[in-house]
Amino acid sequence: MNNPIISGFNPDPSICRVDDDYYLVTSSFEYFPGIPIYHSKDLVSWRLIGHCLTRHSQLNIIEGYPNCLGIYAPTIRYHNGMFYVITTNQPHGHQGGGNFFVSTADPKGDWSEPVFIDAPGIDPSLFFDDDGKVYYTGTDGYIFQFEIDIKTGKRLSPIHKLWSGMGYRDVEAPHVYKMFGKYYLMLAEGGTSYGHMICIARGYNVNGPYEPCPHNPILTHRSMPNPIQAVGHGDLVESKDGKWHLVCLGVRPVPYPDRHHLGRETFLTEIEWRNGWPVVPKLKLSVQKTEGKADDTYPLQNRFTQNDDFAGNKLGLEWNYIRNPIIDNYEVYDGNLILSGTKENLNSFKSPTAVVRRLAHMKVAVSVDVEFNINVDGDEAGLVLFLGGSFVDEPKRGYHYEIALKNIDGCKHIIVRRQVGTISQIDYTKKMIANKVTLKLDIGPKHVDFGYKYIDGKQYNNIAQGEMHLLSTEAGGTFTGLMLGLYVVGDKAKAKFSNFRYKAKK
């Protein structure tokens, strides 16, 4: 079994089973479309089958959203032929934020318009009881619950305070279950970092009181020598063979000191029940080499080769935009991705012309062919390793490295730039003799090497190096993880990308 089961930036997992099929969703924060949804038949091989929030009417993250805002902690549940995903849009200012759910009969298809719920806090969850009642569970410094109308989202009962956890910080990620004739309330606390943990309680009434598990926390790796750290924010599922499993988030830090750049990933472990309480083993790292088939309808996660020849007329499901895109600036045609630029660069708190996808492995070689007929000084197009851009109140702050073609003093140049907070540094610049080159990143656990070659060239010119820990969560202070991206800057700039190649090593 692979562990993580879904690698790269995929935090806050929630899971449900429908007959022989498993469905899993994770947080997406400022990226569009929102809430990736994964499918599996065996809890091992997972495929990205779509997103829950694909329309501007469903998700409004136009400007000002850094990595700490946007779509938080979705929960997926299935009831009477319908899938429900409930989540929080943690807004900047007053931009359509709040707690809401969407629904569908087909998780591969379109999801409904949002149904908003008048509730404070974040991390909402839904519980469908045996008597037909539906409950909203959330957190606002403590775990609370009330009954709702699942059609309208209207509150039908007073707010009941359920539990404040075991006394640690940041009580969050609540889920209610009914198992073995009792109600169980599971939550996370300790902060979504190295002190993270999962705790559980049970009771005979949906509104409590809830008795804490005598061996809480049921899962934590805090202060333990384990390659997986910060484990927490879990959800339970019973497999078709009657076994129970827990999915949770975790990180794989690179020592020393510990820094993680892939973001919070999704892990899975089988659990046992003893005396009515779950016993959860410590997580183990097991990354196997996985290859997808060329005729796969949906992309297989964790595969080590992830090439894109931009066939067809639309981007693959793996690609995301930074906030809501200006969709007319993106075209897939005849094996090329054509990007039309604006004045917004990668530090923009609006939406730059860029497409990004998750970095999912520690060791990866990434390359892409770029054709860019530069006309105006300052225009540029290239390949980016992206952690985050600016906040509306901090317009010159970002965390990203890029290798790009850029017009400087009327001449084409290749550049390597590193932006770390408010520090922006060009490490390499050289005049170019062609409009089309292949750009390359050789990414390792501690460093990334930048290289390029002309299209007809045989060897890459290795031109600069950057430290990976400067793009880590510990340095950038973000809730996401590193993304690989293609971008263009310039009001009338247009760039053509082709032959995107992603090759990872175990």
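For the structure itself, look to the data block above.
About the criteria used
Residues numbered from 1 in each chain as written. Predicted model: local features only at pLDDT ≥ 70, side-chain atom pairs only at ≥ 80, totals over all residues. Heavy atoms only, no water. Helix = DSSP H or I, 4+ residues; strand = E, 2+ residues; numbered from the N terminus. Rg over C-alpha atoms; globule rule 2.2 N^0.38 Å. Buried < 20%, exposed > 50% of the residue type's maximum accessible area, 1.4 Å probe, protein only. Contact = heavy atoms within 4.5 Å. Areas by Shrake-Rupley, 256 points an atom, 1.4 Å probe, with all protein chains shown as cover. Pairing = 2+ DSSP bridges. Axes fitted to C-alpha atoms, helices over the stretch in contact; angles between N-to-C directions. Phe/Tyr/Trp six-rings, centres within 6.5 Å; stacked < 30°, edge-to-face > 60°. Lys NZ or Arg CZ within 6 Å of the ring centre and 35° of its normal. Lys, Arg positive; Asp, Glu negative; His and termini not counted. Salt bridge = Lys/Arg side-chain N within 4 Å of Asp/Glu carboxyl O. Polar contact = N/O pair within 3.5 Å; in protein donor to acceptor, adjacent residues only side chain to side chain. Disulfide = S-S within 2.5 Å.

Asks: Help me get a handle on the overall build of the chain, residues and values and all.
Replies: If you tally the helices and strands in the chain, you get one helix and 35 strands. Here the C-alpha atoms of the chain give a radius of gyration of 23 Å, agreeing with the 23 Å that 2.2 N^0.38 yields for 506 residues. Its C-alpha atoms give the chain principal-axis dimensions of roughly 75 × 45 × 45 Å. Here the chain holds 506 residues, and the buried ones make up 60% of them. The long-range fraction of contacts in the chain, counting pairs at least 24 apart against all pairs at least 6 apart in sequence, stands at 58%. Here the chain displays about 19900 Å² of accessible surface, and carbon together with sulfur accounts for 49% of that area.

Asks: Describe in detail the sheet that holds strand E24 (residues 336-340), supporting the description with residues and values.
Replies: What the seven strands build is an open sheet, ordered E23-E24-E35-E26-E31-E32-E33; its pairing is antiparallel. Unpaired on one side and paired on the other, strand E23 (330-333) and strand E33 (461-467) mark the two borders of the sheet. Strand-to-strand twist of the sheet, defined as the mean angle between neighbouring strand axes without regard to direction, takes the value 25°. Bridge count for E23 against E24 is four bridges, and the pairing is antiparallel. Residue pairing across strands places Tyr 330 opposite Leu 339, the latter belonging to E24.

Asks: An account of the packing of aromatic side chains is needed here, citing residue identities and associated values.
Replies: Aromatic ring pairs are defined here through the distance separating the ring centres and the angle between the ring planes. For the structure on display, the rule yields 27 aromatic pairs. Look at Phe 180 and Tyr 184: their rings are 6.4 Å apart centre to centre, the planes differ by 90°, and that puts the pair in the edge-to-face class. Tyr 184 sits in the buried class, given a relative accessible area of 1%. Arranged with centres 6.1 Å apart and planes meeting at 85°, the rings of Tyr 452 and Tyr 454 form a pair that is edge-to-face. For Tyr 452, a relative accessible area of 2% corresponds to the buried category. In this structure an aromatic cluster arises from ring pairing among Phe 9, Phe 29, Tyr 31, Tyr 72 and Phe 479. Here Arg 155 stacks its cationic end above the ring of Phe 146, 4.7 Å away from the centre of that ring.

Asks: How would you summarise the sheet that holds strand E2 (residues 21-25) if you had to cite specific residues and measurements?
Replies: Spatially, four strands are ordered E1-E2-E4-E5 in an open sheet, and the strand pairing comes out antiparallel. Either end of the sheet is taken by a strand with one partner, and the two such strands are strand E1 (14-18) and strand E5 (47-53). Sheet twist, expressed as the average angle between the axes of neighbouring strands with direction ignored, equals 25°. Of the pairings in the sheet, the one linking E1 to E2 comprises five bridges and is antiparallel in character. Bridging from a neighbouring strand, Cys 16 pairs with Tyr 23 of E2.

Asks: Now, about the side chain of Glu 172: what can you tell me, with residues and values included?
Replies: Tracing the chain through its elements places Glu 172 in strand E14 (residues 172-179). In this structure, Glu 172 is buried with no salt-bridge partner, the nearest side chain bearing the opposite charge being Arg 264 at 6.2 Å. Beyond its immediate sequence surroundings of up to four residues, Glu 172 is in contact with Asp 123, Thr 139, Ile 143, Leu 187, Ala 188, Thr 192 and His 196.

Asks: An account of the pattern of salt bridges is requested, with residue identities and associated values reported.
Replies: Tallied over the full model, the rule gives 20 salt bridges. A salt bridge links Asp 235 to Arg 77; the shortest N-O distance between them is 3.0 Å. Of this pair, Asp 235 sits in strand E18 (residues 229-238) while Arg 77 sits in strand E6 (residues 70-79); the two residues are 158 residues apart in sequence, bridging distant segments of the chain. For the pair Asp 235 and Arg 77, one class covers both residues: buried. With a shortest N-O distance of 2.8 Å, Glu 380 and Arg 417 are connected by a salt bridge. Of this pair, Glu 380 sits in strand E27 (residues 380-388) while Arg 417 sits in strand E29 (residues 411-421), placing them 37 residues apart in sequence.

Asks: Give me the lowdown on the side chain of Asp 123, citing residues and values where you can.
Replies: Within the fold, Asp 123 resides in strand E10 (residues 122-128). Notably, Asp 123 is buried but unbridged: the nearest opposite-charge side chain belongs to Arg 264, and the N-O separation is 8.3 Å. In terms of polar contacts, Asp 123 uses its side chain to reach the backbone amide nitrogen of Ala 173, at 3.0 Å. Apart from the residues within four sequence positions on either side, Asp 123 is in contact with Tyr 72, Ala 73, Thr 88, Thr 137, Gly 138, Thr 139, Glu 172, Ala 173, Pro 174 and His 233.

Asks: Explain the pairing of E18 to me, and be specific about the residues and the numbers.
Replies: Within E18, nine of the 10 residues are buried, leaving the element largely enclosed by the surrounding structure. One ladder, built from six bridges, connects E18 with strand E19 (residues 244-251); its direction is antiparallel. Considered in E19, the bridge of Glu 238 is made with Trp 244. Taken together, E18 and the strand that follows it, E19, pair antiparallel across an intervening segment of five residues, in which Gly 242 is found at a positive phi of about 90°.

Asks: Give a detailed account of the state of the cysteines, specifying residues and quantitative values.
Replies: Scanning all chains against the criterion turns up zero disulfides. This cysteine, Cys 199, is not joined by any disulfide, and Cys 213 carries the nearest cysteine sulfur, 8.5 Å off.

Asks: Now, about the environment of Glu 189: what can you tell me, with residues and values included?
Replies: Relative to the helices and strands, Glu 189 is located in strand E15 (residues 182-189). Those residues in contact with Glu 189, other than ones at most four positions away along the chain, are Ser 164, Gly 165, Met 166, Gly 167, Tyr 168, Arg 169, Asp 170, Val 171, Gly 195, His 196, Met 197 and Cys 199. For Glu 189, the side chain forms a polar contact with the main-chain nitrogen of Met 166, separated by 2.8 Å.

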